[in-house]
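Listed below, chain by chain, are the residues.
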Amino acid sequence: MYFFFGGRRKSPRRGNDKKQFIYVDQYHPWLLVAILLVVILSISDGLFTLHLIDRGAYEVNPVMAWFLGLGTWPFMIVKFLFTCLAILILLVFHNFYFRPLRIQVKTIIPTCIVVFMAVLCWQLFLNSLVN
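Calculation criteria
- Residues numbered from 1 in each chain as written.
- Predicted model: local features only at pLDDT ≥ 70, side-chain atom pairs only at ≥ 80, totals over all residues.
- Heavy atoms only, no water.
- Helix = DSSP H or I, 4+ residues; strand = E, 2+ residues; numbered from the N terminus.
- Buried < 20%, exposed > 50% of the residue type's maximum accessible area, 1.4 Å probe, protein only.
- Contact = heavy atoms within 4.5 Å.
- Areas by Shrake-Rupley, 256 points an atom, 1.4 Å probe, with all protein chains shown as cover.
- Core = buried A, V, L, I, M, F, W, Y, C linked by side-chain atoms within 4.5 Å.
- Salt bridge = Lys/Arg side-chain N within 4 Å of Asp/Glu carboxyl O.
- 1 Å grid on protein atoms, 1.4 Å probe; cavity = no way out; pocket = protein on both sides within 12 Å on 5 of 7 lines; lining within 4 Å.
- Points joined across faces, edges and corners; volume = space filled by probe spheres on them.
- Nonpolar A, V, L, I, M, F, W, Y, C, P; charged D, E, K, R; others polar.
- Axes fitted to C-alpha atoms, helices over the stretch in contact; angles between N-to-C directions.
- Parallel < 35°, antiparallel > 145°, perpendicular 65-115°, else oblique.
- Left-handed = near helix turned anticlockwise from the far one by under 90°.
- Patch = residues over 30% accessible without salt bridge, like charges linked within 9 Å, V, L, I, M, F, W, Y side chains within 5 Å.

Colleague: Report on the overall build of the protein chain, specifying residues and quantitative values.
Modeller: Helix and strand counts for the protein chain come out as 5 helices and 2 strands. The order of α-helices and β-strands along the protein chain, N terminus first, is α-α-α-α-β-β-α. Going through the 131 residues of the protein chain one by one, you find that 30% of them count as buried. Contacts in the protein chain between residues far apart in sequence, at least 24 positions, make up 58% of those at least 6 positions apart. Per element, the accessible surface of the protein chain, about 9,300 Å² overall, is 71% carbon and sulfur.

Put into structure tokens, the structure is as follows:
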């Protein structure tokens, strides 16, 4: 029951804990919004990709190009599953301090949002060239 109704640890308690790997029981509400936004942007990216491919573009990513060769549904399902797997990994290691880059993993999720938005802007630009 403790697992389903939440625990008490929301963040590292001490300053030294911020540079160690700490699991938490509860997450900030903004994290849910950020994760949903990443999923929505990923699905939008997939749909725009399919739209551009119908107009003569091609998929640069060889893994996703292979799934696209299987059809649009396998492409979209795998894109969704890869995104969800990445989000799950980022969520579990949310408070991990990545020493080689001197960043916390929680800064990667907003970075993903910015990157997806840049990709979508690029796809909109490409779409304006095709039409």
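Colleague: Account for the nonpolar core, with residues named and values stated.
Modeller: Grouped together as the largest cluster of nonpolar side chains are 14 residues, with contacts concentrated most on L31, I35, V38, L41, I87, I109 and I113. Those elements that provide at least two residues to this core are α2 (29–54), α4 (72–92) and α5 (108–130). Per-element accounting of this core gives the leading share, 6 residues, to α2. Residues M64, F67, L68 and V78 belong to the second largest nonpolar core, which totals 7 residues.

Colleague: Which residues make up the pattern of salt bridges, and what values go with them?
Modeller: Applying the stated criterion to the full structure yields 1 salt bridge. The salt bridge involving D45 is made with K79; its shortest N-O contact spans 2.8 Å. With D45 in helix α2 and K79 in helix α4, the pair connects residues that are 34 residues apart, well separated along the chain. K79 carries the same exposure label as D45, and that label is buried.

Colleague: Provide a residue-level description of the layout of surface pockets, including the pertinent values.
Modeller: Of the volumes computed, that of the largest pocket is approximately 330 Å³. If you trace the largest pocket, you find 17 residues lining it, with T49, Y58, E59, V60 and Q123 closest to the centre. Broken down by secondary-structure element, the contributors of at least two residues to the lining of the largest pocket are α2, α4 and α5. Within the lining of the largest pocket, the residues separate by chemical class into 11 nonpolar, 3 polar and 3 charged.

Colleague: Any chance you could break down the environment of F82 for me, citing the residues and the numbers?
Modeller: By the secondary structure assignment, F82 is in helix α4. Assessed through its relative accessible area of 44%, F82 is described here as partly exposed. Taking C-alpha positions, F82 is 9.7 Å from S42, a pair spaced 40 residues apart along the chain. Aside from chain neighbours lying at most four places away, what touches F82 is V63, M64 and F67.

Colleague: Please set out the packing of α2 against α4 residue by residue, giving values where relevant.
Modeller: Packing of α2 against α4 brings their axes to within 10 Å, and their N-to-C directions diverge by 155°. Classified by the angle between their axes, α2 and α4 sit roughly antiparallel to one another. You can see that α2 and α4 cross each other, and the crossing is right-handed. On α4, the residues touching L31, I35, V38, V39, S42, I43, D45, G46, L47, T49 and L50 of α2 are T72, F75, M76, K79, F80, T83, I87 and L91.

Colleague: Quick one: what's the story with a nonpolar patch on the surface, residue by residue and with numbers?
Modeller: The grouping of I43, L47, W73, I77, F80 and L81 at the surface amounts to a nonpolar patch, some 620 Å² of accessible area in total. Going through the elements one at a time, α2 and α4 are the ones with two or more residues in the nonpolar patch. Turning to its location among the elements, I43 is positioned in helix α2.

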